Amino acid sequence: MEHRIGVFVCHCGTNIAGVVDVKRVAEELASYPGVAFSTDYTYMCSDPGQNLVKDAIKEHKLTGVVVSACSPTLHEATFRRAGVGADLNPYMVEIANIREQCSWVHQEDKPRATEKAIKIIKTMIEKVKQDEALEPIAVPVTKRALVVGGGVAGIQAALDIANSGHEVILVEKEASIGGHMAQLSETFPTLDCSQCILTPKMVDAAQHPRIKLMTYCEVGDVAGYVGNFKIKIKKKAAYVNRDVCTGCGLCSEKCPSKTDSEFEEGLATRKAIYTPFPQAVPNKPVLDAEHCLYMQSGKCGICAKICPVDAVDYTQKDEFVDVEVGAIVVATGYDLYPIINIGEYGGGKIKDVVTSLQFERLLSASGPTSGVVRRPSDGEIPKEVVFLTCVGSRDPEHHKAYCSKICCMYLTKHAMLYKHTVHDGQAYLFYMDVRTGGKGYEEFYQRAAEEDDVLYVRGKVSKLYEEDGKVIVWGVDTLTGQKVEIAADMVVLGLAMEPNAQALELAKKLKIQVNEWGFLSEAHPKLRPVESLAPGFYLAGAAQGPKDIPDAVAQASAAASKVASLFAEKEYHREPIIALVDEDECAGCRVCVSVCPYDAAEFDEEKKVAHIQEAICEGCGACIAACPSGSVTQKNLTDDQLFKMVTAALED
Amino acid sequence: MRLKLSAEVIKGDLVERVAELSGQNLSACYQCGRCSAGCPVVEEMDIVPSEVIRLLQLGQVEPVLDSETIWICASCLQCASRCPRGVEFSSICDALRAIVLRKRLSGSVVDADEVTRTMVSDAPQMGVVGALRKLNG
Amino acid sequence: MKIPYYPGCTLHERALDFDKASRECARALDIELEELEIWTCCGAVFPLTTDSVMDILAGVRNLAYASRLGDKVVTLCSFCYNVLKRANKVMRDDPEKREKANLFLKADTDAREGIESYLKEDYTGQVDVLHYIEMLRDVVGFDKIRERTKADLSGLKVAPYYGCMLLRPKKEMEFDDPEQPQIFEDFLEAIGCDVVDFPMKTECCGGFQIVREEDTAVACSQTVVNSASRRGADVIITTCPLCRYNLDELQKKMEKSVTGFRKIPVIYFTQLLGIALGIDEECLDFSDNYVDPRPLLAEKSLV
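The residue numbers shown here count from 1 along each chain, following its written sequence. Key to labels: chains lettered from A, ligands numbered from 1, both in the order written. Confidence filtering applies because this is a predicted model: local features only for residues at pLDDT of at least 70, side-chain atom pairs given and counted only at 80 or more, and all residues used for totals across whole chains, interfaces and linings. Here the side-chain values reflect all heavy atoms present in the structure, with hydrogen atoms and water set aside.

Observations concerning the overall build of chain A
Turning to step 1, where the next piece is worked out: The helix and strand inventory of chain A stands at 18 helices and 34 strands.
Turning to step 2, where the next piece is worked out: Based on the C-alpha atoms only, the size of chain A along its principal axes is roughly 90 × 70 × 40 Å.
Turning to step 3, where the next piece is worked out: Partly exposed residues are those whose accessible area sits between 20% and 50% of the maximum for their type, while under 20% is buried and over 50% is exposed, using a 1.4 Å probe and protein chains only. Burial status across chain A gives 54% buried among its 652 residues.
Turning to step 4, where the next piece is worked out: Residues count as neighbours in contact if any of their non-hydrogen atoms are within 4.5 Å of one another. Here the contacts in chain A between residues at least 6 apart in sequence split such that 70% fall between residues at least 24 apart.
Turning to step 5, where the next piece is worked out: Accessible surface, chain A as shown: approximately 28,200 Å² in total, 51% of it carbon and sulfur.
Turning to step 6, where the next piece is worked out: Counting 69 positive and 90 negative side-chain charges, chain A places the averaged centre of each group 2 Å from the other. Starting at the N terminus, helices and strands are each numbered in turn, a helix being any DSSP run of H or I of at least four residues and a strand any DSSP run of E of at least two. Each accessible area value is a Shrake-Rupley result obtained with a 1.4 Å probe; residue values ignore everything except the protein chains displayed when judging cover. For this count, His and the chain ends are skipped, Lys and Arg are scored as positive, and Asp and Glu as negative. Charge positions are represented by NZ for Lys, CZ for Arg, CG for Asp and CD for Glu.

Here it is in C-alpha cells:
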C-alpha cells in the first residue's frame, strides 16, 4: 500500500519554535519516504490548526498523520478526533512529542534540538506506516458503585451516586460510619457542631433505598475491570447478629470488661461489646473478641444471657460476600502520624501532651469530659495551653515533607474554643506560616488573634519535657530572635495527616497508584483530580491528600459525578492498544500469565495457549517483554514497528 | 537602618565560601528557628543560630564573622539533629570559624599558651585539644 | 576473647580510673581489651568543614593501626568514638578523601624508618568502630551480664547521661535513637538498677567550652545535673571523661551559686558495672571525683 503521510509541526508559540527550527523540520520531512504533505503552524491545537489537519487529510488523501507537538497525554485525543472528522481512523494519527522530550529540555543547544526533533518525527512516521486501523473495545457496564470508606467523603459520594439513580454499596471497616468527622467538636471557620451536621448525612446514607450499608466489613479480593468489577467483601465476625439486634444497649451496659475507646482516642474506656459512640449508624454493637472475657477464658457470657433477642453469637465467623460493581470510589481517609515517632516531644510518654484528635474529644460536649477542657494527667483545667503546628509535617529530614494543610486552621479553632471555655486561660500557637487558604479562613485566624487573644509565636518548638506537673516547652520567637520557654499545663500537637494504615494494602489490591507518602495518585493533578489512572477507580477525601471537610465533600461529589457519567453510557469504550497472542507461535509456557499485573493474561486449557482478555488488558507490555517465543505482540506497537522506529532514530 | 539587597549582595563570594566550606544548602532553611529553640548555649549568643542563617541568606557575612555566636557553639549537633530541612548549623559555624581562623581575622579565640598553662593539669585532655582545634585552628 | 582497644589520650591521663575499671570489667566478662601497640590522639573533634582531610588523618591513622589487629576496635571516650566512627565513614564513602588520606598515611609510613610499616594496604574503612557499651550488648550480651551480676543494685536510682557525641549525627553514628536512646537503660536494667529517665539526658554538658567560657559550661551542666536530681537520681553515669569532668567538677561552682543545691555523684558506667560484677574495690578508683560516690555506695552496702 502506498503511504501518504502528513506531518504537522506545531510551534506551540515559542515553546517549540523558540528552540527548534520548525520551518526547517517541516521542509526536511517533506522529502522523507512516505510523506505526502508537511507543514508547520503556530498552534496546531487551535481550531484553525485542527482544520489545517482535517483539510490536508482530505486534500492530500492522507493515510496517516504525525502531529509533532506536545505530549500525547495532552492532545492525542484532540488530533485523533480531528482525524475522525476527516474520515481517517483515529489510530492512524500519532503524536511526535517534540516539546517535553525535545525543546523544553534542550534549550541550550538549538541546532541539535532541531536534529533531535527531526529524528523523533521520523520514528513516528515509521510507526504510522505500520499502524492498523483499530476500533475501541466496547465493554458493558454494571451500574452499581462500591464506595470504600464511610467517613464524610465516602458518605457524600454514596449519597450523590445513589441520588443520581444508581445502587451503591458503602463499605466501612469500623462498626459505624462517620469517620473522623464524627469525633470532631466544632468545625472551622463557622464553628458549627460537627456531629450536628454529619449525623443527618449518616442517617440519610443508612436509610437511602439505593445504598447498601456494610459496616464492620473490609474489601477482600478484587477482580475484573472498569464496568465489571467482582469483589469479595469480608464481613468481620461481630459476634452479634446485627440483623436481629435491636440496639437496646443492654449488653454494653452489663459487660464487665473495659478497654480504651478508639473513638475517644484513649481518653475514656469502652466495653468489650460496644457501639463506638451514641449516634453510631448503625446503632448496633460489635464484640471485640480480644477483650471479651468469654472469648478469652470461657467465663462470663453475660451479654448472651441478657440479650432479649438472642443476638449475641460467640461462634460467629468471618463471612464473605461477592458483589459486582461497575465503579469504585476509594475514600479511605487518614490517620494522624503516630506520636511515638516524635521523640523530642516525649514520643507519647508525656500525659499532658495530647494529639489534635484527643483535644477534639476534650472539647466535645459528648466527649469524656463533657466539653470541659481537662488535662489527662490530673483532670485539672489547664490555664496555659500550647498548640504546635507542623508536628511531623514539612519535615523531609525526619518525617513527612508535605504540608498537612488543615493543622493551622484546626489548631486555631482549638485555641479559640479553648478560650471560649476557659476565659482566663492563655493559648499559645507556634507556627511557621499560618496557612489560611480557604473561604473565611483568614478572617477566622484574625479573629482568634484579635478577639480571643491567642498568642501566635513564629517558631518551631525543639523540645517538650515534663517537670513538676508542667510540660516545659522549648521554643523560639524567630521574629525577635529569642529562645522562648513556657511552662504549659497542656500541649496539643498538630500531627501530620497520613493515609489510613490499611489504605496502602487496599491500594495494592485495587492496583491503583499511590504517591511516595501513600496518598492515592490522581490521573492528572489538575485536569483529572478525582480519577485514578486505572479506569473505574475514583478518589475522594483525605486518602488522596490532606484536606479539610469542604474539600473532601467537594471531591466526593466530583467523584460521584464521574461515576454517574460512566454509568450514563450503555457501554464503556476502552483503548484497543492491547496485547495479542499469536496462537500458532505460543508454546503455552504461561510466563505471560504470571507477569500480567492486571490478570488479563489467562491460559486456555483447551487450546493449551495463552489468551489475553481484551476488556482487562491495559496494554502495559509486560507479557510482550516476558514472552520467550515472541508470540505476544502489542497492537500498533509490534516488534517490527519498534525496530523500524529505532532504526530511524539511529540513522545519520 | 536600611539593607539594600541586590543579586550581588545576596550571592557574594564570601557567602558562597560559607556554603561550600560547610557543605550546607543555605537556601534550604525556611527559618523555623528550631536550631535556636533547642540550642543549649543560645542564651550566650549575640545572634541566634536561625538569625545567623538568615543573615547569610541575605548575603550579610561580615556581622556573622564578627559575632560572639560562632565561638560559643559547642558543636553538640542538637541543631543539626533536629533541623527539618537537614541544615547543619554546627557545620556552618565551623565554616565561619575556619574563615576567621584561616585568615586570623580576629583575636576572639582561645590563647593556646594560656590554656595550656591554666588548664592542662586539670581538664581532660580531650577538652583542651577539642577547644584548641575548634577555637584556635 | 581478645578485642583491639583504643583508649585515647584522656583515658591514659586524666581518666585512668575509667580505663582501669573498663579493662577489669571486660576481663571479668572473659574479654581482653588488647590495646593498640601504637596509637595517637584521635584529634578530639571531627571537622565539620568539607575541605578538611588533614583534620581526619589522626583518626584514620589510628584506624589503620587497628586494622593490623583485627576487624574491630573498641573505644570508650565519646569524643574518640565520634571521631573514629565518622572518620571511618569518610574512608568508606568518600573516594576522593580516601585516596588523599591514604597518600598521607603512606608518606607518614615512609618517613618512619625503623618502625614497621603500619600501612600494609590502603585503609578503606575495613575496621568496625564499636563503643564499649555496644560490645557489652552485642559481643558479651546483656543477659550474660545479668547472670554475672553479684551485687544487689536494686533501689539504686541511676540516671544514664548520653550527652552529644554518642548519638549525633544519627545517620553517621547509628548508635541509638538520638531523642529517646535506650541502650544504657537496657544495660542498667541488666545489672539491676532502678533506671531514672530524665529529660536532659541528651543535652550538652558544655563540652570544650569549659576551656574558653567556664560559665557557659556551668550553665549547661547545671541543667543536666538539676534535671537528673529532680527526677530523684542517686547517681549519674556517663561514658565521656569531659562530661564527667563538667558534670562533676563544676558542681563546685553550682553549690556556691545555688542555695540548697543537692550534689550528685557522676561516675563512669564501667565503674558501676564493676560494682555490679563484684570487682575488687582497688580497681574502682573514685579518688578523682569531686562529688564522692563512696558514701552513697556505702549506704547501699555496695562498697
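Moving on from the coordinates now.
Remarks on the domain arrangement of chain A
Residue and element names in this part refer to chain A.
Turning to step 1, where the next piece is worked out: Along its sequence, chain A is carved into domain 1 (5-134), domain 2 (144-236 + 318-333 + 500-568), domain 3 (250-306), domain 4 (337-496) and domain 5 (579-635).
Turning to step 2, where the next piece is worked out: The C-alpha-based centres of domain 3 and domain 4 are spaced at 32 Å.
Turning to step 3, where the next piece is worked out: At the junction of the two partners, domain 3 supplies 5 residues and domain 4 supplies 8 residues.
Turning to step 4, where the next piece is worked out: When domain 3 packs against domain 4, the two sides together hide about 600 Å² of surface, and 65% of this comes from carbon and sulfur.
Turning to step 5, where the next piece is worked out: Salt bridges, as used here, are contacts in which a Lys or Arg side-chain nitrogen is within 4 Å of a carboxyl oxygen on Asp or Glu. Across the contact surface, domain 3 and domain 4 share 1 salt bridge. Domains are outlined according to an automatic or database domain assignment. Accessible surface is computed with a 1.4 Å probe, and the buried area is the amount of it that two parts give up when combined, taken over both parts together.

Topic: the pairing of strand S5 (residues 137-140) of chain A
Residue and element names in this part refer to chain A.
Turning to step 1, where the next piece is worked out: Here S5 shows a buried face lined by Ile-137 and Val-139 and an unburied face lined by Ala-138 and Pro-140.
Turning to step 2, where the next piece is worked out: Each pair of strands is called paired provided DSSP finds at least two bridges between the two strands. Inspection of the sheet shows S5 paired to strand S30 (residues 571-574) by 4 bridges, in the antiparallel sense. When the bridges of S30 are listed, Ala-138 appears paired with His-573.

Observations concerning the packing of helix H6 (residues 132-140) of chain C against helix H14 (residues 269-277) of chain C
Residue and element names in this part refer to chain C.
Turning to step 1, where the next piece is worked out: In this analysis, axes come from line fits to C-alpha atoms, helices being fitted only over the stretch in contact, and the angle between any two N-to-C directions falls in the range 0 to 180 degrees. Running from amino to carboxyl end, H6 crosses H14 at an angle of 40°, the nearest separation of the two axes being 11 Å. Taken as axis vectors, H6 and H14 run oblique relative to one another. Residues Tyr-132, Ile-133 and Leu-136 of H6 touch H14, and the partners they reach there are Phe-269, Thr-270 and Leu-273.
Turning to step 2, where the next piece is worked out: Looking at the contact of H6 with H14 residue by residue, the class counts come to 5 nonpolar, 1 polar and no charged. In this scheme, roughly parallel covers angles under 35 degrees and roughly antiparallel covers those over 145, while 65 to 115 is roughly perpendicular and the rest are oblique. For this scheme, ten residues count as nonpolar: Ala, Val, Leu, Ile, Met, Phe, Trp, Tyr, Cys and Pro. Four count as charged, namely Asp, Glu, Lys and Arg, and the remainder, Gly too, count as polar.

Notes on helix H2 (residues 47-59) of chain A
All names here are of chain A.
Turning to step 1, where the next piece is worked out: Expected span of a helix, by definition, is 1.5 Å for each gap between consecutive residues, and there is one gap fewer than residues. The end-to-end C-alpha distance of H2, which contains 13 residues, comes to 18 Å, matching closely the 18 Å that a straight helix rising 1.5 Å per residue would cover.
Turning to step 2, where the next piece is worked out: Among the residues of H2, those classed as buried are Gly-49, Gln-50, Val-53, Ala-56 and Ile-57. Down the axis of H2, the buried side of the element spans an arc of 125°, and every buried residue falls inside it. Away from its buried face by more than 90 degrees, H2 exposes Asp-47, Lys-58 and Glu-59.
Turning to step 3, where the next piece is worked out: Lys-61 occupies a position one or two residues after H2 and carries a positive phi of about 50°. For this quantity, the arc is that covered by the directions from the helix axis to the C-beta atoms.

What to know about the state of the cysteines
Turning to step 1, where the next piece is worked out: In this description, a disulfide is simply a cysteine sulfur pair whose atoms lie within 2.5 Å. Under the defined criterion, the tally for this structure stands at 1 disulfide over all chains.
Turning to step 2, where the next piece is worked out: With a sulfur-sulfur separation of 2.4 Å, Cys-193 of chain A is cross-linked through a disulfide to Cys-196 of chain A. Between Cys-193 of chain A and Cys-196 of chain A, the disulfide has an S-S torsion of 85° and is therefore right-handed.
Turning to step 3, where the next piece is worked out: A relative accessible area of 27% places Cys-193 of chain A in the partly exposed class.
Turning to step 4, where the next piece is worked out: Left unpaired, Cys-586 of chain A is separated from the closest cysteine sulfur, that of Cys-592 of chain A, by 6.2 Å.
Turning to step 5, where the next piece is worked out: Under the relative-accessibility criterion, Cys-586 of chain A is labelled buried at 15%.
Turning to step 6, where the next piece is worked out: Just so you know, Cys-93 of chain B is unpaired, no disulfide at all, and the nearest cysteine sulfur is the one on Cys-73 of chain B, 4.1 Å from it.
Turning to step 7, where the next piece is worked out: Its relative accessible area of 0% is what places Cys-93 of chain B among the buried residues.

Here's the deal with the environment of Lys-143 of chain A
All names here are of chain A.
Turning to step 1, where the next piece is worked out: Relative to the helices and strands, Lys-143 resides in the loop between S5 and strand S6 (144-148).
Turning to step 2, where the next piece is worked out: The residues contacting Lys-143, other than those within four sequence positions of it, are His-166, Glu-167, Phe-567, Glu-569 and Lys-570.
Turning to step 3, where the next piece is worked out: What qualifies as a polar contact is a pair of N or O atoms within 3.5 Å, subject to a donor-acceptor requirement within protein and to the restriction that residues adjacent in sequence count only when both atoms come from side chains. Reaching out from Lys-143, the side chain makes a polar contact with the backbone oxygen of Glu-569 at a distance of 3.5 Å.

Description of the layout of surface pockets
All names here are of chain A.
Turning to step 1, where the next piece is worked out: Lining residues are those with an atom within 4 Å of a point, where the points come from a 1 Å grid over the protein atoms alone and group into cavities, where a 1.4 Å probe fits but cannot get out, or pockets, open sets with protein on both sides within 12 Å along at least five of seven lines. Grid points are joined across faces, edges and corners, and a volume is the space filled by probe spheres set on the points. By volume, the second largest pocket amounts to about 1,700 Å³.
Turning to step 2, where the next piece is worked out: If you go around the second largest pocket, you meet 41 residues; those closest to its centre are Pro-72, Glu-76, Arg-80, Arg-528 and Glu-575.
Turning to step 3, where the next piece is worked out: At the level of elements, helix H3 (72-85), helix H5 (110-130), strand S29 (537-539), helix H15 (549-568) and S30 are the ones that each hand at least two residues to the lining of the second largest pocket.
Turning to step 4, where the next piece is worked out: It is H3 that provides the largest number of residues to the lining of the second largest pocket, a total of 8 residues.
Turning to step 5, where the next piece is worked out: In the lining of the second largest pocket, the residues fall into 21 nonpolar, 9 polar and 11 charged.

With respect to the sheet that holds S6 of chain A
Residue and element names in this part refer to chain A.
Turning to step 1, where the next piece is worked out: In space, the 5 strands of this open sheet follow the order S10-S7-S6-S18-S29, with parallel pairing throughout. Since the sheet does not close on itself, it has two edges, and those belong to strand S10 (211-215) and S29, each with one partner. Strand-to-strand, the axes of this sheet are offset by a mean angle of 20°, without reference to chain direction.
Turning to step 2, where the next piece is worked out: For strand S7 (residues 167-172) and S10, the ladder comprises 5 bridges, and the chain directions are parallel. Across the sheet, Leu-170 pairs through a bridge with Leu-213, a residue of S10.
Turning to step 3, where the next piece is worked out: Strands in contact with helix H6 (residues 152-163) are S6, S7, S10 and strand S18 (327-330); relative to S7, the strand with the most contacts, it is inclined by about 165°.

Quick look at the interface of chain B and chain C
Turning to step 1, where the next piece is worked out: Across the boundary between the two partners, chain B contributes 44 residues, which contact 40 residues of chain C.
Turning to step 2, where the next piece is worked out: For chain B, the biggest contributors to the area lost against chain C are Gln-125, Met-126 and Arg-133 of chain B; these three give 20% of the whole.
Turning to step 3, where the next piece is worked out: In this structure, the connection of chain B to chain C is made through 7 salt bridges.
Turning to step 4, where the next piece is worked out: Here Arg-82 of chain B makes a salt bridge to Glu-179 of chain C, at a shortest N to O gap of 2.7 Å.
Turning to step 5, where the next piece is worked out: In this assembly, chain B and chain C are joined by 19 residue pairs in polar contact (both at pLDDT 80 or more).
Turning to step 6, where the next piece is worked out: Those elements that place two or more of their residues in the side of chain B that touches chain C are helix H2 (13-22), helix H6 (69-72), helix H7 (78-82), helix H8 (89-103) and helix H10 (125-136) of chain B.
Turning to step 7, where the next piece is worked out: Its residues assigned to classes, the side of chain B that touches chain C shows 21 nonpolar, 13 polar and 10 charged.

Here we look at the pairing of strand S27 (residues 490-495) of chain A
Residue and element names in this part refer to chain A.
Turning to step 1, where the next piece is worked out: Counting buried residues along S27, 6 of its 6 residues qualify, which places the element largely inside the surrounding structure.
Turning to step 2, where the next piece is worked out: Going residue by residue along S27, you find Met-490, Val-492 and Gly-494 tucked away on one face and Val-491, Leu-493 and Leu-495 tucked away on the opposite face as well.
Turning to step 3, where the next piece is worked out: Relative to S27, strand S20 (residues 353-355) is paired through 3 bridges, and the arrangement is parallel. Note on S27: the bridge partner recorded for Val-354 is Val-492.
Turning to step 4, where the next piece is worked out: Note that strand S21 (residues 384-391) and S27 share 5 bridges and pair parallel. Bridge pairing in S27 links Val-391 to Leu-495.

Notes on the sheet that holds strand S26 (residues 482-488) of chain A
All names here are of chain A.
Turning to step 1, where the next piece is worked out: An order of S24-S25-S26 is seen for the 3 strands of this open sheet, with the pairing classed as antiparallel. The open sheet has two edge strands, strand S24 (463-467) and S26, and neither has a second partner. Averaged over all adjacent pairs, the angle separating strand axes in this sheet is 25°, with direction ignored.
Turning to step 2, where the next piece is worked out: Looking at chain direction, strand S25 (residues 470-477) and S26 are connected through 7 bridges and run antiparallel. If you follow Val-473 over to S26, its bridge partner there is Ile-486.

Description of the packing of aromatic side chains
Turning to step 1, where the next piece is worked out: Paired rings are identified among Phe, Tyr and Trp, the last through its six-membered ring, by centres lying within 6.5 Å, and are further divided according to the angle between planes into stacked (under 30 degrees), edge-to-face (over 60) and tilted (the rest). Evaluation of the coordinates by the stated rule reveals 21 aromatic pairs over all chains.
Turning to step 2, where the next piece is worked out: Centre to centre, the rings of Phe-359 of chain A and Phe-387 of chain A are 5.5 Å apart; their planes meet at 75°, and the pair counts as edge-to-face. Residue Phe-359 of chain A is found in helix H11 (residues 356-363), and its partner Phe-387 of chain A is found in strand S21; the two are separated by 28 residues along the sequence.
Turning to step 3, where the next piece is worked out: Its relative accessible area of 0% is what places Phe-359 of chain A among the buried residues.
Turning to step 4, where the next piece is worked out: Three or more aromatic residues joined by ring pairs make a cluster, and in this case those are Phe-18, Tyr-132, Phe-142, Tyr-162, Phe-184, Phe-187, Tyr-268 and Phe-269 of chain C.
Turning to step 5, where the next piece is worked out: A cation over a ring is seen here: Arg-270 of chain A above Tyr-274 of chain A, with NZ or CZ 3.8 Å from the ring centre.
Turning to step 6, where the next piece is worked out: Charge over a ring is defined by NZ of Lys or CZ of Arg lying within 6 Å of the ring centre and within 35 degrees of the ring normal. Across from the ring centre of Trp-474 of chain A, 4.1 Å away, lies the NZ or CZ of Lys-483 of chain A, which sits over that ring.

Points about the packing of H2 of chain A against H3 of chain A
Residue and element names in this part refer to chain A.
Turning to step 1, where the next piece is worked out: H3 packs onto H2 with a crossing angle of 40° between their chain directions and a minimal axis gap of 9 Å. Between H2 and H3, the interaxial angle falls into the category oblique. For H2 against H3, the interelement crossing comes out right-handed. Between H2 and H3, the residues in contact are Gln-50, Lys-54, Ile-57 and Lys-58 and Thr-78, Phe-79, Ala-82, Gly-83 and Gly-85, respectively.
Turning to step 2, where the next piece is worked out: Here the residues of the contact of H2 with H3 sort into 3 nonpolar, 4 polar and 2 charged. Crossing chirality is assigned from the near helix's rotation relative to the far helix, an anticlockwise turn below a right angle marking it left-handed and a clockwise turn marking it right-handed.

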